[in-house]
Amino acid sequence: MPTYEYNCPKCGKFDFFQKITAEPLKACPTCGAEVVRVISGGTGVIYKGSGFYTTDYARKGSTADETKAS
Ligand SMILES: [Zn+2]
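First things first, this report covers the structure right here in the doc. Here the structure is a predicted model, which means the values were calculated and not measured.

**Focus: the overall build of the chain**
Within the chain one finds 1 helix and 3 strands. The helix and strand sequence of the chain, counted from the amino end, reads β-β-β-α. For the chain, the proportion of its 70 residues judged to be buried stands at 13%. For the chain, the share of sequence-separated contacts (at least 6 apart) that also reach a separation of at least 24 residues comes to 25%. With an accessible surface of roughly 6,100 Å², the chain has 57% of that area assigned to carbon and sulfur atoms.

Given below as structure tokens:
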């Protein structure tokens, strides 16, 4: 069961267990204030950028080979 993180203006941040099919929480279960769901990391949307480094390295390597002819 996924944990959703909510931010209550009165209580602060809290975690709330819900079924993935459940409606997102709109009111704080403690004080009834309107809450905002916090989209936390770890959902798989991480840009590592290692591919860019690999491409760049390969390109530099070939250029170095061309320049090395002396
Ligand atoms: Zn609250």
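**Focus on the packing of aromatic side chains**
Taken as a whole and assessed by the stated rule, the structure comprises 2 aromatic pairs. A centroid spacing of 6.3 Å and a plane angle of 80 degrees characterise the contact between Tyr 6 and Phe 16, whose relative ring orientation is edge-to-face. Pair noted here: Tyr 6 is in strand S1 (residues 3-8) and Phe 16 is in strand S2 (residues 12-17), with a separation of 10 residues, a long-range link. Taking the relative accessible area as the measure of exposure, Tyr 6 reaches 0% and is therefore buried. Here Phe 16 falls in the partly exposed class, since its relative accessible area comes to 25%. Clustering of aromatic rings is evident, with ring pairs tying together Tyr 6, Phe 14 and Phe 16.

**A look at the coordination of the zinc ion**
Four donors placed tetrahedrally about a metal ideally form angles of 109.5 degrees, and six donors placed octahedrally ideally form angles of 90 or 180 degrees. Protein coordination at the zinc ion comes from Cys 8 (SG), Cys 11 (SG), Cys 28 (SG) and Cys 31 (SG), with a distance range of 2.3 Å. Note that the zinc ion binds 4 donor atoms; their angles at the metal cover 101 to 114 degrees, and the shape is tetrahedral. Mapped onto the sequence, the donors of the zinc ion take the spacing C-x2-C-x16-C-x2-C. Of this pair, Cys 11 sits in the loop between S1 and S2 while Cys 31 sits in the loop between S2 and strand S3 (36-38), and the two are 20 residues apart along the sequence. Given the relative accessible area of 35%, Cys 31 is considered partly exposed.

**Some thoughts on the nonpolar core**
Among the nonpolar cores identified, the biggest contains 8 residues, and these are Tyr 4, Tyr 6, Cys 8, Phe 14, Leu 25, Cys 28, Ala 33 and Val 35. Sorting elements by how many residues they give to this core places S1 first, with 3 residues. The residues contacting Cys 28, other than those within four sequence positions of it, are Cys 8, Cys 11, Phe 14, Ala 33 and Val 35.

**Some details on the sheet that holds S1**
Within the open sheet, the 3 strands sit side by side as S2-S1-S3. Their pairing is antiparallel. The open sheet has two edge strands with one neighbour each: S2 and S3. Within this sheet the neighbouring strands show an average axis-to-axis angle of 40 degrees, counted without direction. With 6 bridges joining them, S1 and S2 adopt antiparallel strand pairing. Counterpart to Asn 7 in the pairing with S2 is Lys 13.

Criteria and thresholds
- Residues numbered from 1 in each chain as written.
- Predicted model: local features only at pLDDT ≥ 70, side-chain atom pairs only at ≥ 80, totals over all residues.
- Heavy atoms only, no water.
- Helix = DSSP H or I, 4+ residues; strand = E, 2+ residues; numbered from the N terminus.
- Buried < 20%, exposed > 50% of the residue type's maximum accessible area, 1.4 Å probe, protein only.
- Contact = heavy atoms within 4.5 Å.
- Areas by Shrake-Rupley, 256 points an atom, 1.4 Å probe, with all protein chains shown as cover.
- Phe/Tyr/Trp six-rings, centres within 6.5 Å; stacked < 30°, edge-to-face > 60°.
- Donors = N, O, S within 2.8 Å, 3.2 Å for Na, K, Ca; no water.
- Tetrahedral: all angles 85-135°; square planar, octahedral: opposite > 155°, others 65-115°.
- Core = buried A, V, L, I, M, F, W, Y, C linked by side-chain atoms within 4.5 Å.
- Pairing = 2+ DSSP bridges.
- Axes fitted to C-alpha atoms, helices over the stretch in contact; angles between N-to-C directions.

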